[in-house]
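# Reading the structure
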Amino acid sequence: SFQYCLSGHPTLPCNVLKFKSTTIMLDCGLDMTSTLNFLPLPLVQSPRLSKLPGWVLKDGSTFLDKELKECSGHVFVDSVPEFCLPETELLDLSTVDVILISNYHCMMALPYITEYTGFTGTVYATEPTVQIGRLLMEELVNSIERVPKAQSASMWKNKEVQRLLPAPLKDAVEVSMWRKCYTMPEVNAALSKIQMVGYSQKIELFGAVQVTPLSSGYALGSSNWIIQSHYEKVSYVSGSSLLTTHPQPMDQASLKNSDVLILTGLTQIPTANPDGMVGEFCSNLAMTVRNGGNVLVPCYPSGVIYDLLECLYQYIDSAGLSNVPFYFISPVANSSLEFSQIFAEWLCHNKQTKVYLPEPPFPHAELIQTNKLKHYPSIHGDFSNDFKQPCVVFTGHPSLRFGDVVHFMELWGKSSLNTVIFTEPDFSYLDALAPYQPLAMKCVYCPIDTRLNFIQVSKLLKEVQPLHVVCPEQYTQPPPTQSHRTDLMIDCQPPPMSYRRAEVLTLPYKRRYEKIEIMPDLADSLVPLEIKPGISLATVSAVLHTKDNKHVLQLPPKPPQAPASKKRKRVSDDVPEGKPPKPLLSGSIPVEQFVQTLEKHGFSDVKVEDTAKGHIVLLQEAETLIQLEEDSTHIICDNDEPLRAKLRDLVLKFLQKF
Amino acid sequence: IPHLSSFSLGPGAGQDVGRSCILVSIAGKNVMLDCGMHMGYNDDRRFPDFSYITQNGRLTDFLDCVIISHFHLDHCGALPYFSEMVGYDGPIYMTHPTKAICPILLEDYRKITVDKKGETNFFTSQMIKDCMKKVVAVHLHQTVQVDEELEIKAYYAGHVLGAAMFQIKVGCESVVYTGDYNMTPDRHLGAAWIDKCRPDLLISESTYATTIRDSKRCRERDFLKKVHETVERGGKVLIPVFALGRAQELCILLETFWERMNLKAPIYFSTGLTEKANHYYKLFITWTNQKIRKTFVQRNMFEFKHIKAFDRAYADNPGPMVVFATPGMLHAGQSLQIFRKWAGNEKNMVIMPGYCVQGTVGHKILSGQRKLEMEGRQILEVKMQVEYMSFSAHADAKGIMQLIRQAEPRNVLLVHGEAKKMEFLKQKIEQEFHVNCYMPANGETTTIFTNPCIPVDISLGLLKRETAIGLLPDAKKPKLMHGTLIMKDNSFRLVSSEQALKELGLAEHQLRFTCRVHIQDPRKEHETGLRVYNHLKAILKDYSVQHLPDGSITVESILIQATAHSEDQGTKVLLVSWTYQDEELGSYLTSLLKKGLPQSTA
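Residues numbered from 1 in each chain as written. Chains lettered and ligands numbered in written order. Predicted model: local features only at pLDDT ≥ 70, side-chain atom pairs only at ≥ 80, totals over all residues. Heavy atoms only, no water.

## A short note on the overall build of chain B
What chain B contains, in helices and strands, is 17 helices and 30 strands. For chain B, whose C-alpha radius of gyration is 37 Å, the value lies well above the compact-globule estimate of 25 Å for 602 residues. Judged by the C-alpha coordinates and their principal axes, chain B covers about 130 × 50 × 45 Å. Here the analysis covers contacts within chain B between residues at least 6 apart in sequence; of these, 70% occur between residues at least 24 apart. Separation between the mean location of the 72 positive side-chain charges and that of the 67 negative ones in chain B comes to 7 Å. (Helix = DSSP H or I, 4+ residues; strand = E, 2+ residues; numbered from the N terminus. Rg over C-alpha atoms; globule rule 2.2 N^0.38 Å. Contact = heavy atoms within 4.5 Å. Lys, Arg positive; Asp, Glu negative; His and termini not counted. Charge placed at Lys NZ, Arg CZ, Asp CG, Glu CD.)

Okay, structure coming up:
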């Protein structure tokens with residue numbers, strides 16, 4: 001069994017597992033950090049951005065000044081933002097049988113895989129993952145397509161040219177593989193290949209492998225996956241959380257007894273406590289608004305935003321923010337808020353109980369009803385009429401490179417009264433802000449990443465005790481900026497096997513058994529014998545059938561009855577064939593009892609001689625000799641078949657058959 | 001002999017559409033399917049007699065679990081009585097929507113029975129709450145491990161919000177219980193679906209066993225026409241419904257019709273449950289049909305513009321109106337009150353959109369009775385028009401056959417229907433699918449013998465050895481596999497005989513035979529040997545026959561040596577030696593050699 005590692009990003013994994021003749025892709029995350037190298041896409045003409053100077057090489061050559069622009073000492077590509085795809089060359093992706101998705105953040109590369117590689121298989125994901133994943137993709141496509149850009153830069157990608165560029169462009173990996181965003185028809189085609197599944201649903205793949213999604217506690221519908229045959233179990237843990245937020249809690253027990261546990265998607269900010277961050281978020285927000293400033297929260301349209309809105313719901317009255325408008329701007333804002341209310345079965349217990357009342361599980365329903373929270377598809381249209389300041393705006397994209405957030409950065413960046421609060425952990429906030437420098441607005445970094453930290457991982461591993469752990473190499477060493485923090489890495493025995501992009505691992509396990517089914521009529525024919533207390537044996541001779549990776553044992557067909565004709569048969573007709581072989585024997589023969597038995601059966605002239613290793617029993621009249629030793633018996637006689645058979649049966653009485 | 005038995009608690013499911021409560025025993029596990037209440041009775045007979053299950057001993061010890069298919073009271077109405085008054089503390093499984101809605105209907109019914117009618121010996125509000133604490137909610141298609149052997153899995157059943165069919169599985173044996181289901185999607189729910197799970201037994205409801213209903217569209221048009229005509233002539237329309245289920249479907253129907261025709265007559269929904277009920281549909285929208293699910297963000301089908309809450313005083317208002325009122329069988333509550341008020345006017349109409357149980361007012365007027373004896377000996381004359389429209393979402397004969405085709409059961413058992421109709425369907429099923437079909441009476445036990453195969457762990461070494469042999473050119477003949485089955489603590493392992501011996505720490509005992517065969521041959525021993533070799537080689541073409549340098553001959557593992565006779569020069573003694581494992585061949589060779597050597601080989 002092999003693992004092909006197609007992504008080097010630990011929280012946006014893409015691995016392919018070859019497991020028992022099936023090829024299973026685990027997630028297809030899209031690394032969007034590549035977009036940080038690009039200039040933002042402004043919704044309205046931005047004089048500042050359009051006036052940025054072209055980049056000039058040290059030797060004064062200006063051939064790149066149309067493609068690259070400089071802003072406050074950083075260089076950006078002036079082109080439609082591009083994404084870093086998973087490896088597509090490491091193995092033939094058209095051979096992938098199924099794709100398992102663990103959460104909506106880890107499926108963003110799906111259209112690239114399903115629409116461009118000859119993929120013909122099935123994708124499995126939970127219903128919330130599909131619905132919210134669709135919203136994320138819709139938002140992405142929408143925010144890039146609504147700002148058509150005439151220019152498409154490619155000269156800088158030339159290997160010779162790239163060498164000359166300043167960091168981080170110089171060090172960007174696989175730039176030739178970077179791709180523009182997909183389109184809505186491609187998204188729809190990709191999503192149509194998904195089959196929706198529920199937690200703890202056992203899905204059979206080709207009779208050989210069973211896959212099961214388990215609740216992972218990180219997001220609505222997020223799952224870990226069990227991939228198992230009857231004798232091997234691989235657990236795929238990706239983006240899990242033990243914190244009590246809105247999703248159903250993580251199912252840890254089902255991960256037990258794994259041969260291999262593949263561990264990805266740990267927290268990206270291991271030193272930040274999510275609860276503390278939420279507190280800081282609220283207080284910074286309140287302070288800014290009280291001082292007459294606006295608050296910008298760059299965010300994804302689903303996920304942590306639900307928790308933030310819930311905190312604000314409890315907080316705004318006590319903080320005196322009741323009259324401050326909260327705006328949620330996204331082409332999918334309405335859908336996201338509506339969808340969050342209909343997945344009762346995927347929510348934590350408290351929220352489920354609310355649905356039974358019946359009340360909406362999330363309090364943002366009330367915020368909307370009371371007009372405290374308003375949502376708009378974009379800054380155009382109704383929003384421009386309703387817009388009142390000071391206010392709080394939730395909008396995307398967290399990279400600050402596209403989406404309505406670009407507009408607010410340009411609008412509010414010049415005033416120190418305003419604050420931008422970063423809550424999403426996927427992008428470095430300093431890199432995200434770079435093309436907006438110099439900035440007067442305050443920047444607060446409150447990354448909220450509820451995924452497992454290293455303390456929780458170590459507890460989890462002790463609890464579920466996998467035989468082997470496989471993880472991205474980043475988790476086997478302390479973070480590069482905190483090399484002394486040896487507590488910020490995975491610590492387990494045996495040490496984890498690590499992987500990096502474009503590597504192939506051989507997964508370490510050996511199996512000794514396979515499942516086989518014994519048909520009822522065969523089972524009826526078996527004669528079990530108790531050998532030791534509690535242990536019975538039966539010899540089995542049966543026909544093996546293997547179909548669709550399933551093995552079945554059947555009663556052997558009865559040999560055709562030889563016709564009872566008296567015609568002379570050819571000698572060879574009698575050649576024995578196909579009969580079950582005799583069992584193995586075990587035990588030893590006590591000589592005295594054996595002699596008694598012989599006498600009982602009419603042998604009157606039995607004589608016993610001792611030998612070095614045992615005895616010789618002589619039947620004088622029959623000219624027969626039986627050598628008895630501890631582990632062997634030898635019957636030497638004339639060709640007298642009835643006699644031989646009789647003696648054989650008497651010997652067998654003392655032995656056990658296997 | 002492995003078997004499973006199914007037992008309907010009488011008077012209950014079986015051949016009667018009264019209530020469902022079935023006990024299934026499968027591979028030593030006992031599962032109760034549904035726990036319904038009979039609406040036609042007002043005394044003890046309304047609840048199943050649970051003493052049928054076990055005369056002595058607690059129900060909790062006897063039953064491994066209880067499964068509720070959907071929230072209708074004829075399927076869950078006796079649950080608090082069963083768990084709190086008779087006493088059951090084990091797990092009760094149902095889907096999330098059922099868990100949400102079931103306690104509300106139970107409480108509603110309790111109020112009518114105890115608070116309004118003043119009956120005693122009924123469960124209390126607290127009992128409903130305590131009962132619901134024992135409920136474990138399940139997802140569709142989730143495999144729920146009840147214990148180590150017993151697992152259950154829910155499938156979508158249509159019928160009402162949250163209705164599910166359940167597969168109950170122990171080892172290789174399984175039963176599917178359909179509850180009530182609907183094989184055609186309607187205006188708010190999708191169609192039932194199950195995979196090819198090949199259960200040993202499919203227990204199907206058969207409410208509409210013989211009906212092959214005309215198209216839904218016709219029925220809907222008919223319904224709208226009748227409502228429209230009555231309203232046009234200034235009459236009032238009463239539609240008795242249960243708060244959840246058919247009510248929502250008909251509301252959607254009338255809402256869109258009113259919108260399209262621009263009608264002004266008011267539509268009311270009678271109970272306080274309405275808004276709440278619609279709210280459940282909004283929150284559990286993932287359980288509705290695809291169309292509603294797809295468009296719910298833009299337009300939630302359960303937010304009605306034309307349908308308003310009813311107040312008791314409106315019943316006396318002049319002019320036309322349409323009122324949905326609970327309960328659906330006119331046996332109590334608001335629907336019955338309104339019925340009494342409006343029954344005397346021939347301009348009015350009552351439309352019964354579902355089945356009515358015997359004994360209810362609904363059943364009486366549907367069977368043509370026009371003079372009803374009400375409480376206090378009062379006679380009510382029914383002049384209003386009475387219409388029946390089959391809107392309740394049960395599978396018809398076509399649907400039942402379709403489900404059987406999907407699931408491919410080995411046996412079918414029909415419940416929840418009328419004997420005559422069931423008999424007809426039973427014949428049809430047996431003809432088309434060649435499976436046994438049963439239709440037990442109430443209180444009758446059906447036993448079905450199953451033939452489960454036995455899963456065993458086979459050592460990979462043994463399996464690989466055998467599959468390697470299977471790949472040989474001569475793969476046409478089925479190859480025999482030989483091994484030893486070790487049975488220990490309920491675990492079964494198939495290993496090679498050698499491994500079995502080794503694992504048990506036993507030494508092999510070799511049993512060897514050596515037979516002397518005398519043949520006439522004056523030649524030297526080695527010449528005799530050569531003759532024997534040539535003879536055997538010619539006959540045993542499929543065997544490995546070898547002539548060794550020391551003059552002895554082997555056939556597979558059987559050893560043959562030619563020796564001189566001590567007394568007779570013209571006789572040679574062939575010593576044929578073999579082990580017990582090669583007995584067939586050894587004994588065959590001795591008899592073959594005894595016949596002598598052919599002259600031609602000389």
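Resuming the write-up.
## Here we look at the interface of chain B and chain A
The interface is formed by 87 residues belonging to chain B together with 94 residues belonging to chain A. At the boundary of chain B with chain A, total buried surface from both sides reaches about 7,900 Å², with 60% on carbon and sulfur atoms. For the pair chain B and chain A, the interface holds five salt bridges. With a shortest N-O distance of 3.2 Å, Glu151(B) and Lys202(A) are connected by a salt bridge. (Buried area = accessible area lost by both parts, 1.4 Å probe. Salt bridge = Lys/Arg side-chain N within 4 Å of Asp/Glu carboxyl O.)

## Side note on the domain arrangement of chain A
Assigned domains of chain A: these are domain 1 (2–270 + 451–506), domain 2 (274–445) and domain 3 (585–657). A C-alpha centroid distance of 75 Å is found between domain 1 of chain A and domain 3 of chain A. (Domains from an automatic or database assignment.)

## Quick look at the environment of Thr395(A)
Residue and element names in this part refer to chain A. Its location among the elements puts Thr 395 in strand 17 (residues 392–395). Measuring from C-alpha to C-alpha, the distance between Thr 395 and Tyr 300 comes to 7.2 Å, with 95 residues separating the pair along the chain. Sequence-distant contacts of Thr 395, defined by excluding residues within four places in its chain, comprise Leu 296, Val 297, Pro 298, Cys 299, Ile 329, Asp 404, Val 405 and Phe 408. Reaching out from Thr 395, the side chain makes a polar contact with the backbone oxygen of Ile 329 at a distance of 2.8 Å. (Polar contact = N/O pair within 3.5 Å; in protein donor to acceptor, adjacent residues only side chain to side chain.)

## Section: the UniProt feature "domain: Beta-Casp" (unreviewed entry) in chain A
Sequence positions flagged by UniProt for "domain: Beta-Casp" (unreviewed entry) are, in local numbering, residues 305–433 of chain A. Within residues 305–433 of chain A, the helical portion is 39% and the strand portion 12%, while the C-alpha atoms at the span's ends are 21 Å from each other. (UniProt positions renumbered as here; feature names shortened; annotations may be inferred.)

## Quick look at the packing of helix 6 (residues 274–290) of chain A against helix 7 (residues 304–315) of chain A
Pairs of packed helices are described in terms of their axes, by the angle between the two and the distance that separates them. Residues and elements named next belong to chain A. In contact at an axis separation of 11 Å, helix 6 and helix 7 are set at 55 degrees when each is read in the N-to-C sense. Overall, the two elements helix 6 and helix 7 adopt an arrangement that is oblique. Of the two possible hands of crossing, helix 6 and helix 7 adopt the one that is right-handed. From helix 6, Val 278, Phe 281, Cys 282, Ser 283, Leu 285 and Ala 286 reach across to helix 7, where they touch Leu 308, Cys 311, Leu 312 and Tyr 315. When the residues that make up the contact of helix 6 with helix 7 are grouped by side-chain class, the tally is nine nonpolar, one polar and no charged. (Axes fitted to C-alpha atoms, helices over the stretch in contact; angles between N-to-C directions. Parallel < 35°, antiparallel > 145°, perpendicular 65-115°, else oblique. Left-handed = near helix turned anticlockwise from the far one by under 90°. Nonpolar A, V, L, I, M, F, W, Y, C, P; charged D, E, K, R; others polar.)

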